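Structural description and commentary
One letter stands for each residue in the lines below.
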Amino acid sequence: AIPCAPLAHGRAAFRHPRTHYPLTPFPLATELIQAMAFFALLVAALPLLTLASSSMLRAGGGGQPQASGEVVTGLHIGAPTEFQKMSYLLRTIQKYKAVAQDRHTTLETRHQAEEQRIKSAIEQAQAPGAKLALAQTWTSNVQSLKDTERVFDNIEKFSESMASLLSSATSSGYGCEELTCGEHASCTTLSTGPQCVCKEGYMGLEGKDCRAPPEMRPYPLIVGFREVPVQAADMNICVFGLNKVAVVYRDVAQGHAGSVVVGSVRDAGLAALVRPVQFTSGKAYGPVVTGTDSGRLAIVWRDDSRMGSCWMRGAAVGEDLSLSWGDRQSFCTGQAHKMVVVPLPRDRLAVVFSDKAKATLHTPAEKFGNSVLASVGETGELALLGRFRFSDHPVMRLEVTKIAPMAFVLAARAGSAVDDLDQSMSTKQEATAIYAEMIDDDLVFNPNVVNIEPTKAQIWSRGVSLVAPNTIAYAYQDGADRAMKMAVLEVDPLTHKMEVVQRPAVIHDGVSPYVSMLSAPYMAAHPHTLVYYEDQKANRSMVNLCTWSVADKKLSQCEDFPWLDQRLRSVAGAHLGGGRSLLAFAAEPAGEPYYAVFGLSKK
């Protein structure tokens, strides 16, 4: 018999009368048992982990409610915990695989050391029995190594197969729910599974660091050094000619004087701008600019915030963007509201404004809506062609959009209409729309006014735009409901009568100091509406886009997009064509003017 004695570390020591040979009779048997137990634990735990993740999908992931009376136990209701997410199951399987690979590598190292030790013991052994026992130990170690390696190989293959299976399943169903993307990026399902990609119009690799392309970044409107920084307010913009733009603003730093910047827009979105030019040395509140097809400009403004006189001035634009000014002309007094101007063929323009008349011995004082038709000459001189009243009620918050070369639609907030037969009966006219057109040298307004909210009060800022042929969108701020709404109107091409085909729908909850629109922001084949406004809760400047269905006469797929992460003192926009739009703006609080070009593309 060969005497053996247990050691403290669980190994046996072969005792020879003269020499001790430390050895492990089956040194890898323990590793084999651990590996098999490890594999069994993985297989047993997998259904439990899968059940936790699937219960999350059913109970917390928006699944169908259980039938009445059905008892559900063992499921978590509500938001999933970290242990219930499918990503946790995938990470757990990867951990099992990593541990198996680590054990496999350690096993190889230990086996080589053990093999060298046993060979050295065999060489030192003197007794035949001792050599036989050591040889049997070496043979057992080799066999145990093969069995243990086989178990670890199976664990690694099993982990890879399960991870691949779960990744494929989640990528087609719930993968994006487990993935968090960065700013300006969203999750999409590719052939390789869920992946973050940059949103339309942003650049970045693999959905990381998504940023606006260079042409979408804001650029200074004023080029060159100025001793006194510009503080722009009341900004307005127009596009005229082939690619020319004009921006007017009131410069607070220059005693509220009015200035204009003229330039041309390149294909890349950058603008070649000239230095600003003052169109009046006096005050210019609410300046509005328009341009004709032959490259002439007209600017209207009032010279006081509350009781200003109305002024108009024309200019001819040279090839080098120089301005040849005509004399300014006054056309109304006592003005406190913004005016609008519409370009018309043959270098005509229509100015629409709120007007008033003083009382006389035979007539009472009155407030009403009025307009002026004017023309711009080759050298910038203006000629007033006539005045045309369009409303017997006081009007304010005027906005306008062209729907044809000779026609336009006017949006206004008007005073209530009182019934002539019953003075106690009145109809509110807070959101009205009026069709108008130029015939020869006359402005004609359709008397059939559309009243979108005849029972509502507190309709504040608004915008109006052309969506499709003879189709107009009308967005406005409902102050009473503290919501932004939009309706859609159609114009009969023969009678020019308008009707509401899409009742007012809420497109944003909250109040914005401005609500403005751009006409035909994308293309005629894919009608859209575009509203730009301010999200006061998030302190962001936003764009709202909606799809218009010509067949169904319905708005759908309305989405909000931030285009600037700050609030603005003033902003104005114009459509450049080809899905591109230009916005001129002044940020708070400094009021330094900038411009930016952004584009729309089909998803």
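Figured I'd write up the structure that's included with this text. Keep in mind that what you see is a predicted model, and the values were worked out from it rather than measured.

**Observations regarding the overall build of the protein**
- Scanning the protein from terminus to terminus reveals three helices and 38 strands.
- Here the analysis covers contacts within the protein between residues at least 6 apart in sequence; of these, 49% occur between residues at least 24 apart.

**Comments concerning the state of the cysteines**
- Evaluation of the coordinates by the stated rule reveals four disulfides.
- In this model, Cys 310 is linked to Cys 332 through a disulfide, with the two sulfur atoms separated by 1.6 Å. Disulfide Cys 310-Cys 332: the torsion about the S-S bond is -50 degrees, which places it as left-handed. Here the residue Cys 310 occupies a position in strand β16 (residues 308-317), and Cys 332 occupies one in strand β18 (residues 329-335), the gap between them amounting to 22 residues. Neither residue differs from the other here; Cys 310 and Cys 332 are each classed as buried.

**Looking at the packing of aromatic side chains**
- Summed over all chains, the structure comprises nine aromatic pairs.
- Measuring from ring centre to ring centre gives 6.3 Å for Phe 408 and Phe 445, while their planes differ by 85 degrees; the resulting arrangement is edge-to-face. Linking Phe 408 in strand β24 (residues 407-418) with Phe 445 in strand β26 (residues 442-445), this pair joins segments that are 37 residues apart in sequence. By the burial criterion, Phe 408 is buried, and Phe 445 matches it.
- When the ring of Phe 585 is compared with that of Tyr 594, the centres are 6.0 Å apart and the planes differ by 20 degrees; the resulting orientation is stacked.
- Here a set of aromatic residues connected by ring pairs shows up, and it is made of Phe 390, Phe 408 and Phe 445.

**Some remarks on the sheet that holds strand β8 (residues 219-220)**
- Read across the sheet, four strands follow the order β8-β38-β37-β36 without closing on themselves; strand pairing throughout is antiparallel. Of all strands in the sheet, those with a lone pairing partner are β8 and β36 (568-577), marking the two edges.

**Observations concerning the pattern of salt bridges**
- Inspection of every chain in the model, using the stated rule, returns 16 salt bridges.
- Across the pair Lys 456 and Asp 481 runs a salt bridge whose closest N-O atoms are separated by 2.8 Å. With Lys 456 in the loop between β27 (450-451) and β28 (459-468) and Asp 481 in the loop between β29 (471-478) and β30 (483-491), the pair connects residues that are 25 residues apart, well separated along the chain.
- A residue is classified by how much of its surface remains accessible, and Lys 456, at 17% relative accessible area, is buried.
- Salt bridges sharing partners connect three or more residues here, namely Glu 453, Lys 456, Asp 478, Asp 481 and Lys 485.

**Description of the pairing of strand β11 (residues 257-265)**
- Of all the nine residues making up β11, nine are buried; the element is thus mostly covered by neighbouring parts of the structure.
- Burial along β11 is two-sided: Ala 257, Ser 259, Val 261, Gly 263 and Val 265 and Gly 258, Val 260, Val 262 and Ser 264, pointing in opposite directions, are all buried.
- Note: strand β10 (residues 244-251) against β11, eight bridges, orientation antiparallel. Looking across to β11, one finds that Asp 251 is bridged to Ala 257.
- In sequence, β10 turns back onto β11 through a hairpin of five residues, with Gly 255 there showing a positive phi of about 70 degrees.
- Of the pairings in the sheet, the one linking β11 to strand β13 (residues 277-283) comprises four bridges and is antiparallel in character. Residue pairing across strands places Ala 257 opposite Lys 283, the latter belonging to β13.

**Notes on the pairing of strand β31 (residues 498-509)**
- In this sheet, β31 lies alongside β30 in antiparallel orientation, the contact comprising eight bridges. Within β31, the residue paired with Leu 489 across the bridge is Val 500.
- Here β30 hands over to β31 after six residues, with His 496 in that stretch at a positive phi of 65 degrees.

**Examining the sheet that holds β29**
- An order of β28-β29-β30-β31 is seen for the four strands of this open sheet, with the pairing classed as antiparallel. The outermost strands of the open sheet, each flanked by one partner alone, are β28 and β31. Shown here is a sheet whose adjacent strand axes are inclined to one another by a mean of 20 degrees, direction ignored.
- As paired elements, β29 and β30 share eight bridges and run antiparallel to each other. Bridging across to β30, Tyr 476 finds its partner in Lys 485.

**Things to note about the nonpolar core**
- If you look at the biggest cluster of nonpolar residues, it comprises 20 residues, and the most contacted ones within it are Leu 221, Met 235, Ile 237 and Tyr 249.
- Sorting the residues of this core by element identifies β9 (232-240), β10, β11, β12 (271-273), β36, β37 (580-587) and β38 (593-599) as the ones contributing at least two each.

So, how was this worked out
Residues numbered from 1 in each chain as written. Predicted model: local features only at pLDDT ≥ 70, side-chain atom pairs only at ≥ 80, totals over all residues. Heavy atoms only, no water. Helix = DSSP H or I, 4+ residues; strand = E, 2+ residues; numbered from the N terminus. Contact = heavy atoms within 4.5 Å. Disulfide = S-S within 2.5 Å. Buried < 20%, exposed > 50% of the residue type's maximum accessible area, 1.4 Å probe, protein only. Phe/Tyr/Trp six-rings, centres within 6.5 Å; stacked < 30°, edge-to-face > 60°. Pairing = 2+ DSSP bridges. Salt bridge = Lys/Arg side-chain N within 4 Å of Asp/Glu carboxyl O. Axes fitted to C-alpha atoms, helices over the stretch in contact; angles between N-to-C directions. Core = buried A, V, L, I, M, F, W, Y, C linked by side-chain atoms within 4.5 Å.

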